[in-house]
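Tertiary structure, described
Below are the chains, spelled out letter by letter.
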Amino acid sequence: MSTTVSFSKLLREPNEVVKQLDHGDVLLSRRDGESLRLSKAGDAEREVDTLQALAQLIAASLDEDACDRIVTRLTEPFPWVTFLPADRRREFVSEFLRVARACASIGRFERLTITLNSWRATAEAYADPSVTPDGSDLDYLPTAEVADDPRETG
């Protein structure tokens, strides 16, 4: 369970906000930026330890048949995979599990989010009606390229 308080309340009444940590995390909302999460270090460490163990157990328990079953059920958690060709779905599962295991081993999951977002963008490309169903007319970049955010350009 988490509680949301304003960042300014933390500045005005830090002891009161810290007391709320006995009931779970505290989300600090800010007018000028993304909310912050305040949590007890022990809780955060246990959370990461649990994610690490879960990722390792899942990866260790998957054989070829299990991966194939995951591929057939991907549209429930990730409806966008419908647009990926079958062989790319298998590739997505393999890469996702490999990156999840690596992320869990170091306790940082940003790369997993990047992987997931990249695959979703690939599915969006396949969904484009002007693209051939097998994606043979798509060009893959050998290295990542940063594009300007169109919302920030005039």
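Structure: above.
A brief look at the structure comes next. (Residues numbered from 1 in each chain as written. Predicted model: local features only at pLDDT ≥ 70, side-chain atom pairs only at ≥ 80, totals over all residues. Heavy atoms only, no water.)

1. Details of the packing of helix H5 (residues 86–106) against helix H6 (residues 110–127)
- Viewed as axis vectors pointing N to C, H5 and H6 meet at an angle of 165°, and their least axial separation amounts to 9 Å. One element, H5, and the other, H6, form an angle in the roughly antiparallel class. As for the relative orientation of H5 and H6, their crossing is right-handed in sense. On H6, the residues that touch Arg88, Glu91, Phe92, Glu95, Phe96, Val99, Ala100 and Cys103 of H5 are Arg111, Leu112, Thr115, Leu116, Trp119, Thr122 and Tyr126. (Axes fitted to C-alpha atoms, helices over the stretch in contact; angles between N-to-C directions. Helix = DSSP H or I, 4+ residues; strand = E, 2+ residues; numbered from the N terminus. Parallel < 35°, antiparallel > 145°, perpendicular 65-115°, else oblique. Left-handed = near helix turned anticlockwise from the far one by under 90°. Contact = heavy atoms within 4.5 Å.)

2. With respect to the pattern of salt bridges
- Throughout the structure, instances matching the rule amount to seven salt bridges.
- Arg37 serves as the salt-bridge partner of Asp25, at 3.0 Å between the closest nitrogen and oxygen. Taken as a pair, Asp25 in the loop between helix H2 (14–19) and strand E2 (26–30) and Arg37 in strand E3 (residues 33–38) lie far apart in primary sequence, twelve residues in all.
- For Asp25, a relative accessible area of 17% corresponds to the buried category.
- For Arg37, a relative accessible area of 44% corresponds to the partly exposed category. (Salt bridge = Lys/Arg side-chain N within 4 Å of Asp/Glu carboxyl O. Buried < 20%, exposed > 50% of the residue type's maximum accessible area, 1.4 Å probe, protein only.)

3. Focus on the packing of helix H3 (residues 41–61) against H5
- It is at 8 Å that the axes of H3 and H5 come closest, and there the two elements cross at 145°. Crossing of H3 against H5: the hand is left-handed. Residues Leu51, Gln52, Ala55, Gln56, Ile58 and Ala59 of H3 form the contact with H5, whose own contacting residues are Leu97, Ala100, Arg101, Ala104, Ser105 and Ile106.
- Here the residues of the contact of H3 with H5 are counted per class, giving eight nonpolar, three polar and one charged. (Nonpolar A, V, L, I, M, F, W, Y, C, P; charged D, E, K, R; others polar.)

4. Side note on the pairing of E2
- One ladder, built from four bridges, connects strand E1 (residues 3–6) with E2; its direction is parallel. Within E2, the position partnered with Val5 by the bridge is Leu28.
- The pairing of E2 with E3 spans four bridges and is antiparallel. Directly across from Arg30, in E3, lies its bridge partner Gly33. (Pairing = 2+ DSSP bridges.)

5. Section: the packing of aromatic side chains
- Summed over the entire model, instances satisfying the criterion amount to six aromatic pairs.
- Measuring from centroid to centroid gives 5.8 Å for Phe92 and Phe96, while their planes differ by 45°, and the two rings are tilted. Of this pair, Phe92 and Phe96 both sit in helix H5, four residues apart, which is roughly one turn of the helix.
- Taken together, the ring pairs connect Phe78, Trp80, Phe92, Phe96 and Trp119 into an aromatic cluster. (Phe/Tyr/Trp six-rings, centres within 6.5 Å; stacked < 30°, edge-to-face > 60°.)

6. With respect to the nonpolar core
- Among the nonpolar cores identified, the biggest contains 13 residues, and Leu74, Phe78, Trp80, Val81, Leu84, Phe92 and Val93 are the most heavily contacted of them.
- Put simply, the parts of the chain that give this core at least two residues each are helix H4 (64–72), H5 and H6.
- Sequence-distant contacts of Phe92, that is, excluding residues within four places in its chain, are made with Leu74, Phe78, Trp80, Val81, Leu84, Leu116 and Trp119.
- Grouped together as the second largest cluster of nonpolar side chains are six residues, Val5, Val17, Val26 and Leu28 included. (Core = buried A, V, L, I, M, F, W, Y, C linked by side-chain atoms within 4.5 Å.)

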